[in-house]
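If you want the building blocks of each chain, they are given just below.
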Amino acid sequence: MKKKGADFMLVMEFSDVIERSRVNNVFLRKGPRQPQLGSLALIGHHMIFSPAPTSVDSTDGKKHNDELWLLHRAVDRVTVEQISKDGASRAGRLILKCKNFMICIFDMEDLDDCTAVARSIEKLSSLSKLYYKVIKRNIQRNYPFYYRCPFTVLDDGWTAFETEQEYAKLTLRCKDGWRISSVNKGFQVCSSYPEMVIVPKGIGDDYLRISATFRDGGRFPVLSFYHKETKSCLIRCGQPLIGPVNRRCKEDETILKSLLSSTSKGVIVDTRTRALAQSAKSRGVHHDSNYKLNFLFFVDVLLLYNSNVSSLIMIL
């Protein structure tokens, strides 16, 4: 009963931020299909464009009478423009720039409707993130857990890929230097990591948990790639949360140092620019003296594998 109440509250929150649930006579000027007239509807997780019956025959000779569904969280930027610069018309233009670089442009007869739809999409695109933070970091409030498959599923995708078996193959290639850890069981340590990760063999789970508190997003160092011939490895982790007092984490330093032998060397690669990294509020920049690794900003990772580098730590 408690779960149903929480779900009902979530639906109510979605409906509260939708200022215009439907707008008619909307012209799709640019998008994944040819321009056509239709209507625009907003629901909890999606924006739906429904073509008008008179506009199903597009200029490319194909019929596009199916609905166009766009996930709110796929939208990166929302812009509203008035079509008539001299104010002679109240028509508005809605521009949606998506995270996959797709751009959708909709023309509406009323600028107020256009602005209301834009505000609604902006709020809906960030609402699930808000719920993830507020409601006990419950990731099951996000859209994938609300999705209902329209066809019968014959195979169980959750069992098609056995993580432990696949990781076991990787650890065999890496010899004895790595192990499989379930420290992130239930995604308690890092929400963006899988439940099982590959970490250095000599490092315990307690060190990983402490390192997670020192890294942005809880992303402690984990193995991402291993080159069998050169025995080079690629480690990924979040930026260090050093802060204004130049905070250190000896457990985190121990993890990275364990990747190197007395004859090998490693490189820390920060994919941010130097200016961006140093201007971050957390001052997330490594100190070379603490980690005893070379430090580079925003470089071509592939070039480093041609050099004599045994460990490459990438900061994402």
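Refer to the preceding data block for the structure.
Residues numbered from 1 in each chain as written. Predicted model: local features only at pLDDT ≥ 70, side-chain atom pairs only at ≥ 80, totals over all residues. Heavy atoms only, no water.

## Overview of the overall build of the protein chain
Quick note on the threshold: Numbered from the N terminus, helices here are DSSP runs of H or I no shorter than four residues, and strands are runs of E no shorter than two. Contacts are residue-level and defined by heavy atoms, with any inter-residue pair within 4.5 Å sufficient.
Helix and strand counts for the protein chain stand at nine helices and 14 strands. Summarising the internal contacts of the protein chain: among those between residues at least 6 apart in sequence, 57% fall at separations of at least 24.

## Overview of the pattern of salt bridges
Threshold: We count a salt bridge whenever a side-chain nitrogen from Lys or Arg sits within 4 Å of a carboxyl oxygen from Asp or Glu. Partly exposed describes any residue whose relative accessible area lies between the buried limit of under 20% and the exposed limit of over 50%, with all areas from a 1.4 Å probe on protein chains only and scaled to the type maximum.
Enumeration according to the criterion identifies 11 salt bridges in this entry. With a shortest N-O distance of 2.6 Å, Glu19 and Arg119 are connected by a salt bridge. Remark: Arg119 occurs in helix α2 (residues 111-134) and Glu19 occurs in the loop between α1 (2-17) and β1 (22-30); sequence separation between them is 100 residues. In this structure Arg119 comes out as partly exposed when scored by relative accessible area, which is 37%.

## Considerations on the environment of Ala116
Within the secondary structure, Ala116 is located in helix α2. For Ala116, a relative accessible area of 0% translates into the label buried. Linking Ala116 and Ile18, residues 98 residues apart in sequence, is a C-alpha distance of 8.2 Å.

## Notes on a nonpolar patch on the surface
For the record, the criterion: To count toward a patch, a residue needs a relative accessible area over 30% and no salt bridge; like charges are then connected within 9 Å, while nonpolar side chains (Val, Leu, Ile, Met, Phe, Trp, Tyr) are connected within 5 Å. For accessible areas, the Shrake-Rupley method is used with a probe of radius 1.4 Å. Any residue's cover is judged against the shown protein chains and nothing else.
A grouping of Tyr147, Phe151 and Val153 is seen on the molecular surface, where their side chains present a nonpolar patch of about 340 Å² in accessible area. Note that Val153 resides in the loop between α2 and α3 (157-160).

## What to know about the nonpolar core
Note the following rule: We call a set of buried residues a nonpolar core when its members are Ala, Val, Leu, Ile, Met, Phe, Trp, Tyr or Cys and they connect through side-chain atoms within 4.5 Å of each other.
Among the nonpolar cores identified, the biggest contains 24 residues, and Leu40, Leu94, Leu96, Phe106, Met108 and Ile121 are the most heavily contacted of them. When contributions to this core are tallied by element, the ones reaching two or more residues are β1, β2 (36-42), β3 (46-51), β4 (68-71), β5 (75-82), β6 (92-98), β7 (103-108) and α2. The biggest single contributor to this core is α2, with five residues. Counting residues in each nonpolar core, the second largest holds 12 residues, with Val183, Tyr193, Val197 and Ala212 among its members.

## Let's talk about the environment of Ile180
In this structure, Ile180 sits in strand β8 (residues 178-181). Linking Ile180 and Ile198, residues 18 residues apart in sequence, is a C-alpha distance of 4.7 Å.

## Here's the deal with the pairing of strand β11 (residues 232-237)
Using the following cut-off: When DSSP finds two or more bridges between a pair of strands, those strands are recorded as paired.
In terms of residue burial, β11 counts as a mostly covered element, since five of its six residues are buried. Pairing analysis gives five bridges linking strand β10 (residues 222-227) to β11, with the strands arranged antiparallel. Note that in β11 the partner of Leu223 across the bridge is Ile235. Where β10 hands over to β11, the hairpin turn is made up of four residues, of which Lys231 adopts a positive phi near 60 degrees.

## Some thoughts on the pairing of β1
The sheet contact formed by β1 and β2 spans five bridges and is antiparallel. Paired with Leu28 across the strands is Gln36, a residue of β2. Counted along the chain from β1 to the antiparallel partner β2, the turn is five residues long. Bridge count for β1 against β7 is three bridges, and the pairing is antiparallel. Counted as the bridge partner of Leu28 is Phe106 from β7.

## Description of helix α5 (residues 205-214)
Operational definition: Starting at the helix axis, one direction is taken to each C-beta atom, and the arc is that of these directions.
Of the positions making up α5, those classed as buried are Leu208, Ser211, Ala212 and Phe214. Looking straight down α5, one finds that the buried residues subtend no more than 155 degrees of arc, so they occupy a single side.

## Regarding the side chain of Ser120
Keep this limit in mind: By the criterion applied in these results, polar contacts are pairs of N or O atoms within 3.5 Å in which, for protein atoms, one can donate a hydrogen and the other can accept it, and in which residues neighboring in sequence qualify only through two side-chain atoms.
Turning to its location among the elements, Ser120 is positioned in helix α2. Judged by its relative accessible area of 0%, Ser120 is buried. Within the local environment of Ser120, its side chain forms a polar contact with the backbone nitrogen of Glu19, the two atoms lying 2.9 Å apart. A distance of 2.9 Å separates a polar side-chain atom of Ser120 from the backbone oxygen of Ala116. Not counting chain neighbours up to four residues away, the residues in contact with Ser120 comprise Val17, Ile18, Glu19, Arg20 and Leu42.

## Overview of unusual backbone geometry
Phi is positive for Asn25, which is not a glycine, with a value near 55 degrees. Among the secondary structure elements, Asn25 is positioned in strand β1. Using a relative accessible area of 42% as the deciding quantity, one classes Asn25 as partly exposed. Of note, the phi angle at Phe187 is positive, near 55 degrees, even though the residue is not glycine.

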